[in-house]
Amino acid sequence: MPVETVDTLVVGGGQAGLAMSEHLSKCGVPHLVLERSRIAERWRSERWDSLVANGPAWHDRFPGMEFPDAGPDAFVAKEKVADYFVAYADMIAAPIRCGVEVRNVQRLVGRPGFQVETSDGVIEARSVVAATGAFQHPVIPAVVPGDAGPMQIHSSAYRNPGQLPEGAVLVVGSGSSGVQIADELQRAGRRVYLSVGPHDRPPRAYRERDFCWWLGVLGKWDAQAPAPGTEHVTIAVSGARGGQTIDFRRLAGQGMTLVGRTESYRNGVMTFAPDLAKNIARGDANYMSVLDEADAYVARNGLDLPQEPEARKIGPDPQCVTDPILALNLAEAGIGSIIWATGFTVDYNWLKVDVFDQKGKPRHQRGVSTEPGIYFLGLPWQSRRGSSFIWGVWHDAQHVADHISTQRKYLAYHASAKRETKVA
Ligand SMILES: Cc1cc2nc3c(=O)[nH]c(=O)nc-3n(C[C@H](O)[C@H](O)[C@H](O)COP(=O)(O)OP(=O)(O)OC[C@H]3O[C@@H](n4cnc5c(N)ncnc54)[C@H](O)[C@@H]3O)c2cc1C
């Protein structure tokens, strides 16, 4: 059986894979995208039902196409985001094969390129781009044993309040997923405990501009690495119900009980760090710093944006913050379920090449790995803060495609130089 060959193989047909395909096509690089499921599958089956994009439609998209049925300030529902990428793949005529899983990639011996074993046969590729995303493998810290009583799921498996057994819910994690899920459960009439760790919480909008705009003009999306000491600080934002600033005091005012970072579990009792007030204060400081920088930007550039002094009013700390619960007996609190909104890690078991450090993280520079011919796309902080988001990955793909194209030119030059030598 002749083995199928392709110049560049892109693994994953999410937004990263599509951005890669668009830029490879622009560079004239023959390629194939393999997606084990459907285009943008994670937006369809690995997010909760009510999820909308965290950024407005004018921002959370690729430059080449607007959302067809949404105004620029709308927060697009997750199914529509997936539909958008299907339409985008069509528009760029992406050479994509769905339903094909990549199971093993290893370097060919004695010649350049890689052997790629898929669920549909073997392919040889000169280059391979791992575009399998930053949010691949749900992380649930080993805190509560599986047989402890409450149902435990990761935020990626949460769909809606009706899926959970009766009773109160403990949501662990105060990033965008945790706060949105906790809020939804609270509104559905559940008693909710929310474990709040260190977080940023930019204002949803300030002086008539969305935070995506502010982070853009203030250069924060372009930050190349998290500030030292903030590596584990999550960002709490939401586009739900038209988009609102995440305000933990408001959530507490609705009846939600905030607790500090989840620490341990023993004999039915969950313990929380005494850091709740500190984490809330840290989030406030981040919120205020965006207002300060925005005001300075407006003044420096003489912009005509209305003042918004009420945005600076922060209410008193609720009782659950001033007198925090440090230990909670789950049965006595009636906790029927725990939702771990504790993030994701990457999973490159299929990539058998020497590009990973001791922690399993890819060694790379802006997606160009230390192993010639292997590339990554969509990694958190691949080149900047925006790298794992819709708009950011598109720009990173441009750089990776350019590198692949340049390498092809080196190889072509070598071949023609050899021919000339023969003639002489
Ligand atoms: C809850 C949540 C909400 C988010 N909301 C926003 C938002 O509002 N705005 C924003 O900009 N970003 C958002 N993001 C971040 C990011 O945009 C998404 O996570 C997005 O799905 C990442 O796209 P990707 O293409 O990098 O990876 P993925 O969407 O994960 O795509 C990777 C694809 O690779 C496929 N795949 C994996 N392994 C293999 C294999 N071995 N062979 C073949 N195929 C494989 C998968 O099936 C998948 O379709 C959100 C993330 C989460 C978790």
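Residues numbered from 1 in each chain as written. Predicted model: local features only at pLDDT ≥ 70, side-chain atom pairs only at ≥ 80, totals over all residues.

Per an unreviewed UniProt entry, the chain goes by Flavin-containing monooxygenase and derives from Mesorhizobium cantuariense.

Draft legend 1. Looking closely at the sheet that holds strand β18 (residues 327-329). Pairing is antiparallel in the open sheet, where three strands are placed in the order β16-β17-β18. This sheet does not close on itself; its edge strands, each paired only once, are β16 (262-266) and β18. When the angles between neighbouring strand axes are averaged without regard to direction, this sheet yields 20 degrees. When β16 meets strand β17 (residues 269-272), the two strands line up antiparallel, connected through four bridges. The residue of β17 that forms the bridge with Arg266 is Val269. (Pairing = 2+ DSSP bridges. Helix = DSSP H or I, 4+ residues; strand = E, 2+ residues; numbered from the N terminus. Axes fitted to C-alpha atoms, helices over the stretch in contact; angles between N-to-C directions.)

Draft legend 2. Spatial organisation of the domain arrangement of the chain. Taken domain by domain, the chain holds domain 1 (4-136 + 346-423) and domain 2 (139-340). On a C-alpha basis, the centroid separation for the pair domain 1 and domain 2 is 31 Å. Its residues assigned to classes, the side of domain 1 that touches domain 2 comprises six nonpolar, six polar and four charged. (Domains from an automatic or database assignment. Nonpolar A, V, L, I, M, F, W, Y, C, P; charged D, E, K, R; others polar.)

Draft legend 3. Spatial organisation of the site of the ligand. The ligand sits among 32 residues. The nearest are Gly12, Gly14, Gly133, Gly378 and Phe389. Elements with a contribution of two residues or more to the shell around the ligand: α1 (15-26), β2 (31-35), α2 (41-45) and α9 (390-423). Tallied by class, the residues present in the shell around the ligand amount to 12 nonpolar, 13 polar and seven charged. (Near = placed C-beta within 6 Å.)

Draft legend 4. Molecular detail of unusual backbone geometry. Phi at Ala40 takes a positive value of approximately 55 degrees, unusual for a residue other than glycine. Structurally, Ala40 can be placed in the loop between β2 and α2. Positioned with a positive phi, Ala93 is a non-glycine residue whose angle comes to about 50 degrees. Relative to the assigned elements, Ala93 resides in the loop between α3 (78-91) and β3 (96-98). Judged by the 10 C-beta atoms lying within 10 Å of it, Ala93 is exposed. (Buried ≥ 20, exposed ≤ 12 C-beta atoms within 10 Å, placed from the backbone.)

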